[in-house]
Amino acid sequence: MFVSFFPQPRLFFTSVVAWAAFAMAVWYLGGEQAGAFFGLAPAAADTPPIIGISVFWSKPFLWFYVYYAAAVAIFYAFWSFYAPNRWQVWSILGSALVLFVTYFQVQVNVAINNWYGPFWDMVQGAMARTAPITLEQYYTGFATFAGLAFVGMGVSVLTAFFVSHYIFRWRMAMNDYYVDHWPKLRHIEGASQRVQEDTMRFSTIMEGLGVNFIDSIMTLIAFLPVLLRLSANITELPVFGHVPNALVVAAIFWSIFGTLSIALAGFKLPGLQFRNQRVEAAYRKELVFGEDHADRAQPPTLRELFSNVRKNYFRMYFHYVYFNIVRYTYGQANGIFSFFIMGPSIVAGKITLGLMNQIAFAFSQVTASFQYLVNSWSTIVELLSVYKRLRAFEATIHGSELPAIDERFIKGEDVATDHY
């Protein structure tokens, strides 16, 4: 799954983490200020944020673009020399581009959050008649938002187009790798399905799951400082009273609570999804044999195989009931949780309408990032089941021992009664 696309995957991903950590350390320990030597100095600490799309070609942003491109170029040059790979343009430069555009989209959200404050404070002043505004000022504020929104939408469309091609190249790499080893793989149960369907499903799932994971990390990096700054306006929480950095503490607590709840509720689902593919494959395989052999796919055999399918589906439906109860209950509560913790400050009149909207948006961004597992659990379950099937291919290619369930299938043993 990975060795077909990335050069020496374990070493490669370790080097990615190490190089990223080094580049970030250099950036925060002086690299950001180094832009001043090229006329791209960072903004002063007390400078108010730029409102509107011009922020994306401001000097600090331009210097970051240059710095990021240089870091990627050095990393790509090293791997091109150390371990040349047929897919290195897509696996290295393509991955770097996905990281960058994801970062850029997060910065669009940060820019929108910066717009919330002054715009909604202006609306509050107009409604309270404490700071009258003109209709032109009102619509100019919307025009600023529209500019940011159009930039975000444009980048999202182009990103989706590129990521689709990136993921399909990954599928091509897997397909070529498995086809090259087909003589070893053809005896594995459902080998044709794994090469054609499972590689397709793996790449499709990774398209959404991988990008969302990167987006969650980037969002945390961008919005945690914002939430930390906004915490100065929220001095106490319901029930607990005064808590330092209240918004950050509340976001972490709420996200951990949701993640653990969803993980515990969905603990059995990966095994059930995997077994579901197995019993479906066994039923389909017998039907295929029945097309060419009169003594195969007899009614008693088909009834028994389909009974296994029915049992597994019904068991899976049962476990999804309480999983969905937990997931949907948490999802509904999550929508109002930020307003709940702002209650004491709103009642005391300590925050404005603009600040309230900024806090609500930043809080939702941070909690959504922390809740990656919550939001993606169903997809992760499907990915794990596909991974387990493709792992048997990896074991066969390298002469390793097959997973126990594959051994039982080869021996013709029933897996319908297995417990997960």
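Residues numbered from 1 in each chain as written. Predicted model: local features only at pLDDT ≥ 70, side-chain atom pairs only at ≥ 80, totals over all residues. Heavy atoms only, no water.

Taking an unreviewed UniProt entry as the reference, the chain is identified by name as Peptide antibiotic transporter SbmA belonging to Borborobacter arsenicus.

Overview of the overall build of the chain
The helix and strand tally for the chain stands at 13 helices and two strands. Dimensions along the principal axes, computed over C-alpha positions, put the chain at roughly 85 × 55 × 40 Å. A buried classification covers 44% of the 420 residues belonging to the chain. Nonlocal contacts in the chain, meaning residues at least 24 apart in sequence, comprise 78% of its contacts between residues at least 6 apart. A total of about 22400 Å² of accessible surface is found on the chain, and carbon and sulfur atoms cover 68% of it. Of the charged side chains in the chain, 28 are positive and 26 negative, and the gap between their average positions amounts to 3 Å. (Helix = DSSP H or I, 4+ residues; strand = E, 2+ residues; numbered from the N terminus. Buried < 20%, exposed > 50% of the residue type's maximum accessible area, 1.4 Å probe, protein only. Contact = heavy atoms within 4.5 Å. Areas by Shrake-Rupley, 256 points an atom, 1.4 Å probe, with all protein chains shown as cover. Lys, Arg positive; Asp, Glu negative; His and termini not counted. Charge placed at Lys NZ, Arg CZ, Asp CG, Glu CD.)

Quick notes on the nonpolar core
Among the nonpolar cores identified, the biggest contains 54 residues, and F56, F223, L227, L247 and F363 are the most heavily contacted of them. Mapped onto this core, the elements with two or more residues apiece are α1 (9–31), α2 (59–82), α3 (88–128), α4 (135–180), α6 (191–230), α7 (246–265), α9 (299–341) and α11 (353–370). Among the elements that make up this core, the one with the highest residue count is α3 (14 residues). Two domains each provide a minimum of three residues to this core, namely domain 1 (9–233 + 353–411) and domain 2 (244–350). With sequence-adjacent residues up to four places away left out, F363 is seen in contact with L227, L247, A250, A251, F337, S338 and I341. Core analysis: the next-biggest nonpolar cluster, separate from the first, contains 30 residues, Y76, I167, V386 and L390 among them. (Core = buried A, V, L, I, M, F, W, Y, C linked by side-chain atoms within 4.5 Å. Domains from an automatic or database assignment.)

Description of the UniProt feature "transmembrane region" (unreviewed entry) in the chain
On the UniProt side, "transmembrane region" (unreviewed entry) is annotated at positions that read residues 12–30, 37–57, 63–82, 89–112, 142–168, 209–228 and 248–267 here. A helix fraction of 100% and a strand fraction of 0% characterise residues 142–168, whose end C-alpha atoms lie 39 Å from each other. (UniProt positions renumbered as here; feature names shortened; annotations may be inferred.)

Re α1
Each turn of an α-helix holds 3.6 residues, which means side chains three or four residues apart point in the same direction. For α1, the complete set of buried residues consists of P9, F12, S15, A23, W27 and G31. Of the surrounding elements, those touching the buried residues of α1 are α2 and α3.

Notes on the domain arrangement of the chain
Segmenting the chain into domains produces domain 1 (9–233 + 353–411) and domain 2 (244–350). The distance between the C-alpha centroids of domain 1 and domain 2 comes to 25 Å. Listed per partner, the contact involves 32 residues of domain 1 and 38 residues of domain 2. At the boundary of domain 1 with domain 2, total buried surface from both sides reaches about 3000 Å², with 69% on carbon and sulfur atoms. At the surface where domain 1 touches domain 2, the tally comes to zero salt bridges. The tally of links between domain 1 and domain 2 comes to one residue pair in polar contact (both at pLDDT 80 or more). Of all the secondary-structure elements, those providing two or more residues to the side of domain 1 that touches domain 2 are α6, α11, α12 (372–397) and α13 (404–410). (Buried area = accessible area lost by both parts, 1.4 Å probe. Salt bridge = Lys/Arg side-chain N within 4 Å of Asp/Glu carboxyl O. Polar contact = N/O pair within 3.5 Å; in protein donor to acceptor, adjacent residues only side chain to side chain.)

Observations concerning the confidence of the model for the chain
Looking at the chain as a whole, the pLDDT averages 82, with 90% of positions reaching at least 70. At the level of individual helices and strands, the chain shows its lowest average pLDDT in α13, which scores 53, and its highest in α2, which scores 93. In this model, residues 414–420 is a region of pLDDT below 50 whose contacts with residues beyond four sequence positions or in other chains number 21 contacts. (pLDDT = per-residue confidence, 0-100.)

Side note on the pattern of salt bridges
Pairing is possible between side chains that carry opposite charge, provided their charged atoms lie close to one another. Tallied over the full model, the rule gives one salt bridge. Across the salt bridge formed by D176 and R86, the nearest N and O atoms sit 3.2 Å from each other. Residue D176 is located in helix α4, and its partner R86 is located in the loop between α2 and α3; the two are separated by 90 residues in the primary sequence. Relative accessible area serves as the criterion here: at 64%, R86 is assigned to the exposed category.

Structural notes on the side chain of Q105
You can see Q105 is positioned in helix α3. Side-chain polar atoms of Q105 contact the side chain of S156, separated by 2.8 Å. With near-sequence residues (within four places) excluded, Q105 lies in contact with V155, S156 and T159.

Observations concerning the environment of I205
Take I205: it is sitting in helix α6. Overall, I205 belongs to the buried group, its relative accessible area being 8%. For the pair I205 and I380, spaced 175 residues apart in sequence, the C-alpha separation works out to 8.4 Å. The residues contacting I205, other than those within four sequence positions of it, are G210, T379, E382, L383 and V386.

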